[in-house]
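Structural overview for review
Chain by chain, the residues:
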There are 2 protein chains.
Amino acid sequence: MLYQKKNQLTSWLYDYSGSSCLPDSLLMSHSFSLAALDSVLSAFRSICGEDSVSLGEAVREQHGKDESVHRCCPPDVVLFPHCVEEVSALAKVCHNHRLPIIPFGTGTGLEGGVGAVEGGVCFSLRNMDQVLDLHQEDFDVTVEPGVTRKALNAYLRDTGLWFPVDPGADASLCGMAATSASGTNAVRYGTMRENVLNLEVVLADGTIIHTAGKGRRPRKTSAGYNLTNLIVGSEGTLGIITKTTLRLYGIPEAMVSAVCSFPSVQAAVDSTVQILQAGVPIARIEFLDDVMIDACNRFSSLSYPVTPTLFLEFHGSERSLEEQVNTTEDITQSNGGSDFQWARDTETRNRLWKARHDAWYAALALRPGCKAYATDVCVPLSRLPQIIVETKEDLIENRLTGPIAGHVGDGNFHCLMVVDPSDPEEQHRVHLFTERLARRALAMDGTCTGEHGVGLGKRALLREEMGHMAIQVMQSLKDALDPKNLMNPGKILQPREL
Amino acid sequence: MLYQKKNQLTSWLYDYSGSSCLPDSLLMSHSFSLAALDSVLSAFRSICGEDSVSLGEAVREQHGKDESVHRCCPPDVVLFPHCVEEVSALAKVCHNHRLPIIPFGTGTGLEGGVGAVEGGVCFSLRNMDQVLDLHQEDFDVTVEPGVTRKALNAYLRDTGLWFPVDPGADASLCGMAATSASGTNAVRYGTMRENVLNLEVVLADGTIIHTAGKGRRPRKTSAGYNLTNLIVGSEGTLGIITKTTLRLYGIPEAMVSAVCSFPSVQAAVDSTVQILQAGVPIARIEFLDDVMIDACNRFSSLSYPVTPTLFLEFHGSERSLEEQVNTTEDITQSNGGSDFQWARDTETRNRLWKARHDAWYAALALRPGCKAYATDVCVPLSRLPQIIVETKEDLIENRLTGPIAGHVGDGNFHCLMVVDPSDPEEQHRVHLFTERLARRALAMDGTCTGEHGVGLGKRALLREEMGHMAIQVMQSLKDALDPKNLMNPGKILQPREL
């Protein structure tokens, strides 16, 4: 490549310095002549306007980092295109000059997906922020990359519809498609994989495709290869998503929230399995372990019993809710659950769920001045008790703070690792812990990432999870769509030995 | 290619002769020496045994055709491997000799997917018929290609679990994955796309991959490219599916079936939209038009009003069913629906739904001696009334028999075209009609195939639907995984100009 930096791609856990790779930028690259640089920048400016091409240090730093603890790797230049035609024309310029392209939504990712590890050009898509083509009767809508989850739901407020996939952060919906996001509602409504109907994508060479055909939005299709779900979860390594067509849902007539304490992890998970088996169409079923509950009690002045706890949410008609809650209460009681509380009005529901909503901050408050990193394994339901118990033992043995919160209906849980950024020895212990945790999940038929993606930190684990031949297939797909390896290079797949 | 026949790949509608391409077989191929043939056959025999390699005409004919009206294109040889290792070894032999590979499940496809249009080797997978690794608590199971939908549900009978995807035919579950099948239950349980957790796949060169990593079965994953959904719906053109891991569901506590007549297509579809909008978790919602109802009345001696009719099915607890049925009845009444009948016990439910279940045979009985071909468009819900009304006018104008049955909750419907196989002029009219119908669906943001796949007959329409660039992307994926174009060649993508 004309322009390649060879940054060390180690995880923050080995390389957390707070420093960035800023000085070694496009402007100073030895392999890129000043004349070529001028030509590239003026091409960018002529496409999207002077104001939409930024070389400023602050802007670049802001775009070199997501919400993970991976160190900042700023791009050399940040572009703010206004439409797909501009994205396509800008990508063509990058393609001609072999410049890496890194798509940027809201920067709320958790695996370092936006770091410009080989330098290059960040496509910040916030100026493309229109909600397009809402079809209320068909339960679908198309959005540009600048539209976030909350913005869409605000837009939909008076329609009786909503988009339920909720990863916590107010992420860009196109970014959520790119990382195959999910969150608390997935047990009922599915993840982005099940809720994206079509994508407009700009490929590395500037080609614009529509993964299900331009403007198409049938509920189901068997028309050729499923390009939509190839792009969903590809983390910007196959193309830039410039439009996403989403399934919408009717806002439920009513909601009920509930909380219940359990004598053991096993009892909480057994209840979950039985609730699902009973066909209760539960909307959220979240597990917090005793350490997490204790942290929440302290942080929010609550008084939950310090034991494994389930936070539940039910959606439906008034009558069906009654039955859902009754069935669930029976099941939890038969598993030794106690202190079953439930609430219907919004205010009480919010109070009941406050502990769950504040979990991240409650964890951070355990050790002021520390940073947090969320693990993200997912295993078959029946393996949850064992992996959680073993993981808690591991945390204690290794003197680590990692309260657990989990989307237990999917078998997906997070240890919120609270780590002192100035203590390399502790970071090393966390690093070894997270590897053990991931391998524990793999040994139980699970995955090293349920919803955060691979990004930078899980590329080696992905190889273990998938096996050599499946990784080769992924690499061949990458080569087919992006033969010059320009799209978000260094993510998901490890750079090949040169 | 060493071995290429250049059959005309025209649809049956232009080429319905009942004749096959049998005479022009491997045995007679000019480009394949007798010595090479001997070597290939003895390699096959040494891998899977003498009895599992068939050159018999009857066996080859049986494997050259599915349930569509595409003409029979028998393979040159049919193999009956017993395990994935044999499939892999056999594929390597084919790969070395550049022989086309055509996977065969139960032959219940509807778009000519199993025809050996370039000759080659059929892999009939019926000997691999084990249900493996049932995990009741995790709601998942792994099956080999010889396991059909009904066989799996019989196996599950005492577990309280079932697999709900139901395309009508008792198809192989791996074949259903290959064609992205769905059917009547998709509105509630999704299609194969949403219900396959992992696949074991043998690629064209014999490589064995597991699309989500070997033995893995987490409910959700963000681990790299979604290979599972690249293979689902690839119709055997990317690899041979040798195992499928499926999501299972709890058998509902109770079921209610219902039937309701409507004054117009619009009223039936409006009811459907409102039922979905009201959040009724309806399991099946099937539309039959007046012509179809009339045919059913005659075929099964029933007396339904000859008007657009909805057949509904509700799954849930006793109490929730009551509410679902009440809400639905209210909605249908407000749209002018009448004769709302419902039933809870199995026998009455079966009687109520008999018309829907017998639709195919009732359509055929309209014109004894004729053959049937099912169209398969899918459009956004709101477009259904218009497309159905226009299509019915088109049928009448062109003197064609095509009663309509539709999975109306998904916007997917079929015209069951009943055609005289000895009348080329009528076939021509049907051909033009089906093209107009598909283009009508495309003009309404829909697809030319909701669930039957592309196979042979819809390759040109797929190009119109996807656009040139997306087809190029599909072709590049095909080239990446199957560079010699050996896997089920001639399906989905049109042969390139040489």
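Throughout, residues of each chain are indexed from 1 in the direction in which the sequence is written. A letter from A marks each chain and a number from 1 marks each ligand, given out in the order of writing. Totals for whole chains, interfaces and linings use all residues, but because this is a predicted model, local features are given only for residues with pLDDT of at least 70 and pairs of side-chain atoms are given and counted only at 80 or more. Side-chain measures here rest on the full set of heavy atoms in the structure, leaving out hydrogens and waters.

Note the threshold: UniProt positions are given in the numbering used here, feature names are shortened, and annotations may be inferred rather than shown by experiment.
As recorded in an unreviewed UniProt entry, chain A goes by the name Probable D-lactate dehydrogenase, mitochondrial, listed as coming from Dicentrarchus labrax. Regarding chain A, the relevant UniProt record gives this comment under Sequence similarities (unreviewed entry): "Belongs to the FAD-binding oxidoreductase/transferase type 4 family." Its UniProt record gives chain A the following Subcellular location (unreviewed entry) comment, quoted word for word: "Mitochondrion".

Details of the side chain of B:Thr328
Residues and elements named next belong to chain B. Let me state the cut-off plainly: Here a helix means four or more residues in a row that DSSP labels H or I, a strand means two or more in a row labelled E, and each is numbered from the N terminus. We call a residue buried when its accessible area falls under 20% of the maximum for its residue type, exposed when it is over 50%, and partly exposed in between, using a 1.4 Å probe and counting protein chains only. The contact rule is simple, with two residues in contact once any of their heavy atoms fall within 4.5 Å.
Structurally, threonine 328 is set in helix 12 (residues 318–334). With a relative accessible area of 0%, threonine 328 lands in the buried category. Apart from residues no more than four positions distant in its own chain, threonine 328 is found in contact with Ile275, Val280, Leu312, Phe314 and Phe340.

Details of helix 11 (residues 290–300) of chain B
What helix 11 of chain B keeps buried is the set B:Met292, B:Ile293, B:Ala295, B:Cys296, B:Asn297 and B:Ser300. Here the buried face of helix 11 of chain B lies against strand 13 (284–288), strand 14 (309–316), helix 13 (346–357), helix 14 (359–365), strand 18 (404–407) and strand 19 (412–419) of chain B.

Notes on the relation of the copies chain B and chain A
As a reminder, the rule being used: The fit set for superposing copies consists of C-alpha atoms from residues with pLDDT of at least 70 in both; the fit itself is least squares.
At an RMSD of 0.0 Å, chain B and chain A line up after a rotation of 180° and a shift of 0.0 Å along the axis. One copy is carried onto the other by what is essentially a two-fold rotation axis.

Side note on the interface of chain B and chain A
Rules: Accessible surface is computed with a 1.4 Å probe, and the buried area is the amount of it that two parts give up when combined, taken over both parts together. In the sections that follow, a salt bridge refers to a side-chain nitrogen of Lys or Arg positioned within 4 Å of a carboxyl oxygen of Asp or Glu.
In this complex, chain B contributes 82 residues to the contact, which on the side of chain A involves 83 residues. Together chain B and chain A conceal approximately 6,700 Å² of surface at their shared face, both sides included; 56% is due to carbon and sulfur atoms. The largest per-residue losses of area from chain B upon contact with chain A belong to B:Lys220, B:Ser222 and B:Tyr225, which jointly make up 14% of the total buried on that side. In this assembly, chain B and chain A are joined by eight salt bridges. Where B:Asp445 meets A:Arg217, a salt bridge forms, and the shortest distance between an N and an O atom there is 2.9 Å. For the side of chain B that touches chain A, the secondary structure elements donating two or more residues are helix 8 (192–195), strand 9 (208–210), helix 9 (227–231), helix 10 (265–277), helix 12, helix 17 (459–466) and helix 18 (468–481) of chain B. If you tally residues by element for the side of chain B that touches chain A, the top one is helix 18 of chain B, at nine residues.

Quick notes on the UniProt feature "domain: FAD-binding PCMH-type" (unreviewed entry) in chain A
The feature "domain: FAD-binding PCMH-type" (unreviewed entry), as given by UniProt, occupies residues 70–251 of chain A in the numbering adopted here. Split by type, residues 70–251 of chain A is 22% helix and 23% strand. Its first and last C-alpha atoms lie 37 Å apart.

A few points about the sheet that holds strand 3 (residues 101–104) of chain B
Residue and element names in this part refer to chain B. Here is the rule we go by: When DSSP finds at least two bridges between two strands, those strands are taken to pair. Throughout, an axis means a line fitted to C-alpha atoms (over the contacting stretch in the case of helices), and angles, computed between N-to-C directions, take values from 0 to 180 degrees.
Strand order in the open sheet made by the four strands is 1-2-4-3, with mixed pairing throughout. Each having just a single partner strand, strand 1 (53–54) and strand 3 make up the two edges of the open sheet. Looking at chain direction, strand 1 and strand 2 (residues 77–79) are connected through two bridges and run antiparallel. Paired with valine 53 across the two strands is leucine 79, which belongs to strand 2. Against the sheet, helix 4 (residues 84–96) engages strand 2, strand 3 and strand 4 (121–124), with an angle of about 175° to strand 4.

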